[in-house]
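As a plain string of letters, each chain reads:
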Amino acid sequence: LGNIGVRAIVGEEECDINLSRPPFLVDDLVVPDEFIPMIEKARDGMKELAREIPRDDVALYKTLTVFVDPIDGTKEFVIGKGDQCSVCVGFADSDGRAVAGVVYRPLTEPPTWAAGAKSEGYFDSVLNDAETKPQKGLLTSNGSISPFLAALMEELGMDRVPSGGAGNKMLMLLEGRGTAYIQDRGVSRWDTCGAQACIEASGGVLCKLTSFIDGENAGDENSSYTYLQSNTNLDFEEGISNLTPYNCQPSVGLKRGDPVRLAKSVEEVKPYSNLCGLVALAREENTQDRMDAILEGIKKASNLSPPSYD
């Protein structure tokens, strides 16, 4: 955005970066020369776009908080499943609402993406739409799933559709490769900000699982995570979330294998952990009848095995 500036940029990877002139640096790492033309093209292109922003809109840009995940699906990237990785960039307004975003899968052939801004009436994408869409498919991680999700699939008669990366699963939802993405385990704000903007711009919904269970309208302000720069978790709910080594502050000293316990205070959890689960539905599922049916299934599954919220 050139010299225009934004309110804040929050990234999963916080590094000192020099992209002004070669040698390009990320902390103490020197970027290989083979990437220099690509970086310069992207950098100069962004500067050119910034110059096209109308002067009357500059003040609006200064209210935006940007959430960036440069490699969503790091594990998949490492083990050779790069087609499940994505770059997620989301923009939130001064109230912390996701208002615009892009999710980009650079390693599919060809690259695939979605971009949207509901308030602007804008949605566009290049996706690999499923030829045969599953009637009932729940998108999940590649690894183990919680007892709650297992019970939910049983209650709703859903098949499991495993894949890696939160951003990738959001794009799969838009491609019709699953009918819902419901998660009771933790992801982070940079995983969902851009994806939420895209899904909502396409006619779908993304909200907190706790809000969905409580019957809040999926489009209400309180049903969404809050996307603002903060030193504390703005969506912490006392007595809801279980601590893990991934969502707790280092000062808690929690290690893998330690007994599970609830977070007692907001000071124990990381500021950008999504501790309240999520429900993401594509446009076709965003009807009152379908949401009522999904809510009923979630409540029945919760009675059998409560959501982990970790």
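Only a predicted model underlies this, so the values are computations on that prediction, with no experimental measurement involved.

Chemist: Looking at this structure, I do not really get the sheet that holds strand β2 (residues 17-18). What am I missing?
Modeler: The strand order across the open sheet formed by three strands is β2-β3-β4, and the pairing between neighbours is antiparallel. The two strands at the open ends of the sheet, each matched to only one other strand, are β2 and β4 (29-30). Taken together, the two bridges between β2 and strand β3 (residues 25-26) define a ladder with antiparallel strand orientation. If you follow N18 over to β3, its bridge partner there is L25.

Chemist: Just to check I follow, could you spell out the packing of aromatic side chains for this structure?
Modeler: The relative placement of two aromatic rings is captured by the distance of their centres and the angle of their planes. All told, the structure shown has three aromatic pairs when counted by the stated rule. Aromatic side chains F67 and Y227 sit 5.7 Å apart centroid to centroid with 75 degrees between the ring planes, which places their arrangement in the edge-to-face category. Of this pair, F67 sits in strand β5 (residues 65-72) while Y227 sits in the loop between α7 (209-213) and β15 (273-274), and the two are 160 residues apart along the sequence. Exposure remark for F67: the relative accessible area of 0% places this residue in the buried category.

Chemist: Would you mind showing me how to read the environment of M172 here?
Modeler: Tracing the chain through its elements places M172 in helix α5 (residues 166-175). Given the relative accessible area of 10%, M172 is considered buried. Aside from chain neighbours lying at most four places away, what touches M172 is R105, L139, V161, S163, R177 and G178.

Cut-off values and rules
Residues numbered from 1 in each chain as written. Predicted model: local features only at pLDDT ≥ 70, side-chain atom pairs only at ≥ 80, totals over all residues. Heavy atoms only, no water. Pairing = 2+ DSSP bridges. Helix = DSSP H or I, 4+ residues; strand = E, 2+ residues; numbered from the N terminus. Phe/Tyr/Trp six-rings, centres within 6.5 Å; stacked < 30°, edge-to-face > 60°. Buried < 20%, exposed > 50% of the residue type's maximum accessible area, 1.4 Å probe, protein only. Contact = heavy atoms within 4.5 Å.

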